[in-house]
Amino acid sequence: MKYDVVDLHLHSHYAYATSKDLTLEGLYYWGKMKGVTIIGTGDFTHPAWFSELSEKLVQSQGGFYTLKDDISRGIDASLPQSVRENPCLFVPTVEISSIYSRHDKTRKVHSCIVVPSLEKAGELNAKFSKIGNLAADGRPTLGLDTRDLFEIVLNLHEDTLFFPAHIWTPWFGIFGSKSGFDSLEEAFGDLRSEVYAIETGLSSDPYMNWRVEDLEPVTILSNSDAHSPQKIGREATVIATDLNYKTMVHAIKTNNGRLRGTIEFFPEEGKYHFDGHRKCAVRLSPKQTEEHGGICPVCHTRVTVGVENRVDSLAARPDSYKPSHKQIEYIVPLSEILAEIEGVGVNTKTVKRMYQEIIMALGSEFELLRSVPVSEIESAGFYKLSVLVERMRKKDLIIEPGYDGEYGTVRFFQSTKERESLGEQANLL
């Protein structure tokens, strides 16, 4: 059975704080470079973006969308030969920000919606335009209870998919410490049984979510929430789709054998994994937070409670609980690996040049990180990369957890001397 990489949560250049390169052309280019087969369009509620989608996409036989030939041909010509034939399909998606009051508490919850066609997206846009200003942001804010938002989506079409986004994020997750709920039933009431999937977010992984019994029946999805095209697929879901929309949605809703598993950020790298105060440079583990009584030792106000702590508070199972029925893979993006090898920034010309050379020689980024034998990476002339890919696959890394909006760091070398030593080994070959 062939499995495809799917990323259903990302944004367009019309969303707040996103790259101007988040265009369909940019997504298509980086989808092929990364090896992401099915990409959400993001932001279909935004009028200008919806117009672009309608103008540039055409629906394929399997129900997904493709870029029109006159657009894709030019992009394919600019791609390394090794990835030109990779399929790149689109599906209409959007993230909605719901801000409302429930039980005398302000709730702020983000949800993702996937629809089978642009026609259905247009129908939703007509409904939502009566509730909020869709042109203000690619991710619109609606004063609509999440339960009522879900009901609108359920009534749209049987093949529409709804899932709560990054469910543990303190301010905008359905289980977030700042404005969330303690169970799916509390959040969705009579519609609880219709919630088929949730999204982990960058600061948690499926194992953390499986500790919570309330989440046992639902499908665990991972997506990138990308704000630039280079970030697509930094987390993703792996599904045997037959490149068919209905097959994909059915696999997610039923959690059947077609859903292979997920590709993960190391959750410690997520910017809300630990507790703390960014302005005070205070990072605390859940145990340390408890020792401090939840108070920042610098400014003496309450810390932002992060994802690991929040999972601990709702989990009935220990952190050693690790069911094996799905395949979970952890990656460090190729550009980050190359930047550490060279001791330079991720966006430098050196890293960009090396990235292109490696993709040209070995195929898409996900092929390289997940399946190309280490020996093959070495024999292609990339010894230092082969060593670090092997370390990544073995989780032989140094990680400092993120907290209170500050990303964590993942690195391979303890010191500059250690990096230089690897270079010396490469020179001896």
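Scroll up for the structure.
To keep things clear, this report deals only with the structure shown in the data block. Please read all numbers here as calculations on a predicted model, not as lab measurements.

About the criteria used
- Residues numbered from 1 in each chain as written.
- Predicted model: local features only at pLDDT ≥ 70, side-chain atom pairs only at ≥ 80, totals over all residues.
- Heavy atoms only, no water.
- Helix = DSSP H or I, 4+ residues; strand = E, 2+ residues; numbered from the N terminus.
- Buried < 20%, exposed > 50% of the residue type's maximum accessible area, 1.4 Å probe, protein only.
- Contact = heavy atoms within 4.5 Å.
- Areas by Shrake-Rupley, 256 points an atom, 1.4 Å probe, with all protein chains shown as cover.
- Lys, Arg positive; Asp, Glu negative; His and termini not counted.
- Charge placed at Lys NZ, Arg CZ, Asp CG, Glu CD.
- Pairing = 2+ DSSP bridges.
- Salt bridge = Lys/Arg side-chain N within 4 Å of Asp/Glu carboxyl O.
- Core = buried A, V, L, I, M, F, W, Y, C linked by side-chain atoms within 4.5 Å.
- Axes fitted to C-alpha atoms, helices over the stretch in contact; angles between N-to-C directions.
- Parallel < 35°, antiparallel > 145°, perpendicular 65-115°, else oblique.
- Nonpolar A, V, L, I, M, F, W, Y, C, P; charged D, E, K, R; others polar.
- Disulfide = S-S within 2.5 Å.

**Considerations on the overall build of the protein chain**
Turning to step 1, where the next piece is worked out: Across its full length, the protein chain carries 16 helices and 18 strands.
Turning to step 2, where the next piece is worked out: Overall, the C-alpha framework of the protein chain stretches about 65 × 60 × 40 Å when taken along its three principal axes.
Turning to step 3, where the next piece is worked out: For the protein chain, buried positions account for 58% of its 429 residues.
Turning to step 4, where the next piece is worked out: Here the contacts in the protein chain between residues at least 6 apart in sequence split such that 70% fall between residues at least 24 apart.
Turning to step 5, where the next piece is worked out: Element-wise, carbon and sulfur atoms account for 47% of the exposed surface of the protein chain, whose accessible area totals about 17,800 Å².
Turning to step 6, where the next piece is worked out: Taking the average place of the 48 positive charges on the side chains of the protein chain and the average place of its 60 negative ones, the gap between the two points comes to 2 Å.

**Looking at the pairing of strand β7 (residues 105–114)**
Turning to step 1, where the next piece is worked out: Of all 10 residues in β7, 7 are buried, a share of seventy percent or more.
Turning to step 2, where the next piece is worked out: As paired strands, strand β6 (residues 93–102) and β7 are joined by 10 bridges and run antiparallel to one another. Across the sheet, residue I96 finds its bridge partner in β7, namely S111.
Turning to step 3, where the next piece is worked out: In this structure, the hairpin formed by β6 and β7 is closed by a connection of 2 residues, where H103 is found at a positive phi of approximately 55°.

**Comments concerning the sheet that holds β7**
The pairing of strands in a sheet happens through backbone hydrogen bonds and is either parallel or antiparallel.
Turning to step 1, where the next piece is worked out: Pairing within the open sheet is mixed, and its 4 strands lie in the order β8-β6-β7-β9. Of all the strands in the sheet, the pair left with one neighbour each is β8 (141–142) and β9 (161–164).

**Quick notes on the pattern of salt bridges**
Turning to step 1, where the next piece is worked out: One pass over the structure, following the stated rule, counts 25 salt bridges.
Turning to step 2, where the next piece is worked out: Between K56 and E25 there is a salt bridge, and its shortest N-O distance comes to 3.0 Å. One end of the pair, K56, is in helix α2 (residues 47–56); the other, E25, is in helix α1 (residues 24–34), and 31 residues separate them in sequence.
Turning to step 3, where the next piece is worked out: Among the charged side chains, a salt-bridge network with shared partners connects R147, D148, E151 and D190.

**Looking at the nonpolar core**
Turning to step 1, where the next piece is worked out: Counting 102 residues, the largest nonpolar core has F90, I113, F188, L215, I337, L338 and L385 as the members making the most contacts within it.
Turning to step 2, where the next piece is worked out: Filtering out sequence-adjacent residues up to four positions away, I337 remains in contact with V332, L369, L385, L388, M392 and F412.
Turning to step 3, where the next piece is worked out: The next biggest cluster of nonpolar side chains, apart from the first, holds 20 residues, and it includes V6, V91, L161 and V249.

**A closer look at the environment of R419**
Turning to step 1, where the next piece is worked out: As for its placement among the helices and strands, R419 is situated in helix α16 (residues 416–428).
Turning to step 2, where the next piece is worked out: Separated by 343 residues in sequence, R419 and D76 place their C-alpha atoms 36 Å apart.

**Thoughts on the environment of V153**
Turning to step 1, where the next piece is worked out: Structurally, V153 can be placed in helix α5 (residues 146–154).
Turning to step 2, where the next piece is worked out: Residues V153 and L124 lie 29 residues apart in sequence; the distance between their C-alpha atoms is 7.9 Å.
Turning to step 3, where the next piece is worked out: Once residues lying within four places of it in the same chain are set aside, the contact partners of V153 are I113, T160 and F162.

**Brief notes about the packing of α1 against helix α12 (residues 349–362)**
Turning to step 1, where the next piece is worked out: Where α1 contacts α12, the two axes come as close as 11 Å, and the packing angle between them is 60°. Taken together, the axes of α1 and α12 lie oblique to each other. Between α1 and α12, the contacting residues are Y29, W30, M33 and K34 on the first element and Y355, Q356 and I359 on the second.
Turning to step 2, where the next piece is worked out: Grouping the constituent residues of the contact of α1 with α12 by class yields 5 nonpolar, 1 polar and 1 charged.

**Quick word on the pairing of strand β12 (residues 236–239)**
Turning to step 1, where the next piece is worked out: Side chains of β12 alternate between two faces, with A236 and V238 and T237 and I239 buried alike.
Turning to step 2, where the next piece is worked out: Bridge analysis of strand β1 (residues 4–7) against β12 gives 3 bridges, and the strand direction is antiparallel. What sits directly across from V5, in β12, is V238.

**Thoughts on the packing of helix α15 (residues 383–393) against α16**
Turning to step 1, where the next piece is worked out: Between α15 and α16, the least distance of the axes is 9 Å, while the angle of their chain directions is 125°. Here α16 runs oblique to α15, going by the angle between their axes. Of the residues in α16, those in contact with Y383, K384, V387, L388 and R391 of α15 are E418, L422, G423, Q425 and A426.
Turning to step 2, where the next piece is worked out: By residue class, the composition of the contact of α15 with α16 is 5 nonpolar, 2 polar and 3 charged.

**Quick look at unusual backbone geometry**
Generally, phi is negative for residues other than glycine and the peptide bonds are trans, each holding for most cases.
Turning to step 1, where the next piece is worked out: Despite not being glycine, H166 shows a phi value in the positive range, around 25°.
Turning to step 2, where the next piece is worked out: Residue classification places H166 among the buried residues on the basis of a relative accessible area of 8%.
Turning to step 3, where the next piece is worked out: In this structure, H300 takes a positive phi of about 65° despite not being glycine.
Turning to step 4, where the next piece is worked out: With respect to the element layout, H300 can be found in the loop between α9 (286–291) and α10 (307–314).
Turning to step 5, where the next piece is worked out: In this structure H300 comes out as exposed when scored by relative accessible area, which is 58%.

**Things to note about the state of the cysteines**
Turning to step 1, where the next piece is worked out: This structure, assessed with the given rule, holds 0 disulfides.
Turning to step 2, where the next piece is worked out: With no disulfide partner, C88 has as its closest neighbouring cysteine sulfur the one in C112, 19 Å distant.
Turning to step 3, where the next piece is worked out: What makes C88 buried here is its relative accessible area of 6%.
Turning to step 4, where the next piece is worked out: In this structure C296 is not part of a disulfide, and its nearest cysteine sulfur, from C299, lies 3.8 Å away.
Turning to step 5, where the next piece is worked out: Taking the relative accessible area as the measure of exposure, C296 reaches 1% and is therefore buried.

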